[in-house]
Amino acid sequence: MRKLFGFHGGIHPPAHKTESTVRPIIHAPLPSRLVLPLKQHAGEAAIPSVQVGDHVLKGQTVGTPASKMSAAIHAPTSGTVIAIERHAVPSANAHSDVCIIIETDGKDQAIDFTPFPFAEKTRAEVLDHLQAMGVVGLGGAVFPSAAKLSADHGQPIHTLVINGSECEPYISCDSMLMRERPDAVVNGVAFLQHLCDARDVIIAIEDNKPEALAAMETAVKQHGGGFQIVTLPTMYPSGGAKQLIKLLTNIEVPGGRHAPEYGVQCFNSGTAYSIFRAIALGEPVMTRIITVTGNVRTPQNYEACLGMSFRELLNLAVEESNTDGHIVGGPLMGYRIDSPDMPLVKAANCIIATSKKLFPPAQPALPCIRCGQCVEACPADLLPHDMYWHAKAKNLERAADYSVRDCIECGACNYVCPSRIPLSQYFKKAKVELAVQAKENAFADASRQRFEQREQRLARYESEHTVSLAGDTHKAPTGASDDETALKNAAVQAALSRARARRTSSS
Amino acid sequence: MSADALFASIAVATGVLVRRALSHLRYDAATLENKINATLPQTQCGLCGYAGCRPYARAIATGLAGINRCPPGGEAGIEKLSRLLKINTTSLDTSRGVTKARAIAVIDEVHCIGCTLCIQACPVDAILGAAKQMHTVLSRDCTGCELCIPPCPVDCIDMRPLPAGIH
């Protein structure tokens, strides 16, 4: 048994996982239309590599990575590209984004998937392959895995943590994946261990998933890679990367720093599975497993094509008629969407249909009484009541002084607040505003620099001009006669009026 | 030591002290100007009545101008300045202009006659072109100051909302 070290704070909300784990993962039928956002990952959107009217095959790249901080997008089935346009995409702020819209032909014709010769390739080639296969972190941040693995933190990785904690209520896609396809996950972990060159591998799973634990233990034994399976006590948010690392290794990664700087790399179990498929089968990320739960008749996990609409998924699980809303993600970190007519994206691990019974409407918030319960619950060791004070007053600098940037937005503070203040909403907003401000400041700095350089240049011209005038005292001024100047001016005026006339007639 | 020498040395010592104090003051004024300049949006539009953000920052630092003359900074900018200078906020002096969402200048390239007047007017060198050649705005660097619009003899510059992808 590995010694666990614990982390500050945490809560024990009702898990609501058994509803969706009694049925196996089902392959969702092919939808007639797929909407594939070009940005399903952190970083830059992919660049479309197909045109409207093109016929695409399953597994064909439809969006190529724009930069290192980007990932490819693939067609999940065969069909025709009918549009490349803006469409509503799942996001906390009712966002729309450019999507490739494919009308499927039902034939599901695929390109040839060839296994990637991992052993013969260099590390850089493997990472390029992962990027081309669209592999991104499925733990929530959808960070391109190749970028994560290629970043040099000047420190060898000693421990690879595989996060199978899945601590947020309702979500069970990782749990079902580990239960049903443990061998694939373990093989993916082996690839990751090789890529990280990590000595120790810890697979962490919460003790409320005994079936997943048992399946993974058997798979690890069969694999013989010596991976360690650690049973975590159920506690939210033990699946937060920094919290999990603290829990397992007692390494506390400070705010603004990354775990690899301390020799630890953390990947989600779903990511390990995508890596297995990308390398061993040569298959890009075209589907994902999503938990459809809440106010539906048959809550369960579906393996569905990316781009399939949430509405179709909810119909498969038979949504109850008294549903009053939908949450993408879990109840604590997820966000409400206005309409389920949005595509399934790589980041979406769960969709919850809500009802008044399951999610009673929020009571109005009362004033903060500074009871300090949020401080006790905060897993990032912050002072939510103070950050709230400053965030509410829009004093971003002060909120930043209280390290609002280190808030992991887990919502534990909201959960315990006796005044029912949606604290983490304020922090989310403050973080976004701080990021915008940082961008604006960078732009202002660049503008200032350009302005100052221009001033210097003009001053230099001025002084050079004075010097040259002083040197040319004997030279007469330009000898254009008054007539010539008048002629020139007339020509200029004529040109101007012609240009004006052209402009007015064309507009 | 004679009284004269004593007085002389006192005078010299006082002189040195005063000089030091003054240099400190000057130093403070310069840093304050920098701090104020860092708060200003660097649009360089001149709406405040000064020839750019730094001259305005200097005017604020020396007490010659109020903090409410910057329309691009808007109320948020005034609040930042008031926090920096520890003085009360005042509402924006709308005779200087109104706060607008940031836009960028776009040259209608069909109608541009290549006169270079806008290039000379741009305070941040964000317009590219040469005499009798078509000009274009580097949208990434355009601050939206609108200073290029009045000099254009053929009115071919428009302000457009910020396209996605440019912060």
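Residues numbered from 1 in each chain as written. Chains lettered and ligands numbered in written order. Predicted model: local features only at pLDDT ≥ 70, side-chain atom pairs only at ≥ 80, totals over all residues.

Participant: Whenever I open this one, the sheet that holds strand β3 (residues 47-48) of chain A confuses me. Can you help?
Facilitator: Hydrogen bonds along the backbone pair up the strands of a sheet, which may run parallel or antiparallel. Residue and element names in this part refer to chain A. One open sheet accounts for three strands, arranged β3-β5-β6; its pairing is antiparallel. Taken across any chain shown, the strands that pair with only one partner, and hence form the sheet edges, are β3 and β6 (73-74). Pairing between strand β5 (residues 61-64) and β6: two bridges, direction antiparallel. Its bridge partner lying in β6, T61 is registered against H74. (Pairing = 2+ DSSP bridges. Helix = DSSP H or I, 4+ residues; strand = E, 2+ residues; numbered from the N terminus.)

Participant: Explain the pairing of strand β2 (residues 33-37) of chain A here, please?
Facilitator: Every regular strand shows the same layout, with side chains that alternate between the two sheet faces. All names here are of chain A. Taken across its five residues, β2 has four buried, putting it largely inside the fold. Pairing between β2 and strand β8 (residues 96-104): five bridges, direction antiparallel. Paired with V35 across the strands is I101, a residue of β8. (Buried ≥ 20, exposed ≤ 12 C-beta atoms within 10 Å, placed from the backbone.)

Participant: In this structure, what is going on with the interface of chain B and chain A? I would like to understand it.
Facilitator: How big an interface is tends to be reported as the loss of accessible area on association of its parts. Between chain B and chain A, the contact holds 16 residues from the first and 14 residues from the second. A per-class count over the side of chain B that touches chain A returns seven nonpolar, six polar and three charged. (Contact = placed C-beta atoms within 7 Å. Nonpolar A, V, L, I, M, F, W, Y, C, P; charged D, E, K, R; others polar.)

Participant: For this particular structure, what's the right way to read the environment of A:R277?
Facilitator: Residue placement: A:R277 occurs in helix α8 (residues 269-281). The spatial distance from the C-alpha of A:R277 to the C-alpha of A:V135 is 9.7 Å, given a sequence separation of 142 residues.

Participant: Where do I start with unusual backbone geometry in this structure?
Facilitator: Leaving glycine out, the prevailing phi sign among residues is negative, and the prevailing peptide bond configuration is trans. For the bond from A:Y236 to A:P237, the omega torsion is -5 degrees, close enough to zero to count as cis. As for its position among the elements, A:P237 is in the loop between β11 (228-232) and α7 (241-249). Even without being glycine, A:R420 reaches a positive phi, approximately 55 degrees. Examined against the element boundaries, A:R420 turns out to sit in the loop between α13 (412-416) and α14 (423-471). Exposure remark for A:R420: the 13 C-beta atoms within 10 Å place this residue in the partly exposed category. Phi at B:K86 is positive, roughly 55 degrees, even though this residue is not glycine. Within the element layout of this structure, B:K86 appears in the loop between α3 (74-85) and β1 (103-107). What makes B:K86 exposed here is the crowd of 6 C-beta atoms within 10 Å.

Participant: I keep staring at the sheet that holds strand β10 (residues 200-206) of chain A and nothing clicks. Help me out?
Facilitator: Residues and elements named next belong to chain A. Here four strands make up an open sheet; going across it, the order is β11-β10-β9-β12 and the pairing parallel. Two strands bound the open sheet, and with one partner strand each, they are β11 and β12 (264-268). Each adjacent strand pair in this sheet contributes to an overall mean axis angle of 25 degrees, direction not counted. Alignment of strand β9 (residues 159-164) against β12, held across five bridges, turns out to be parallel. Its bridge partner being in β12, I162 is matched across the sheet by F267. With respect to the sheet, α7 is in contact with β9, β10, β11 and β12, its orientation differing from that of β9 by roughly 120 degrees. Against the sheet, α8 touches β9 and β12, its axis set at about 80 degrees to β12. (Axes fitted to C-alpha atoms, helices over the stretch in contact; angles between N-to-C directions.)

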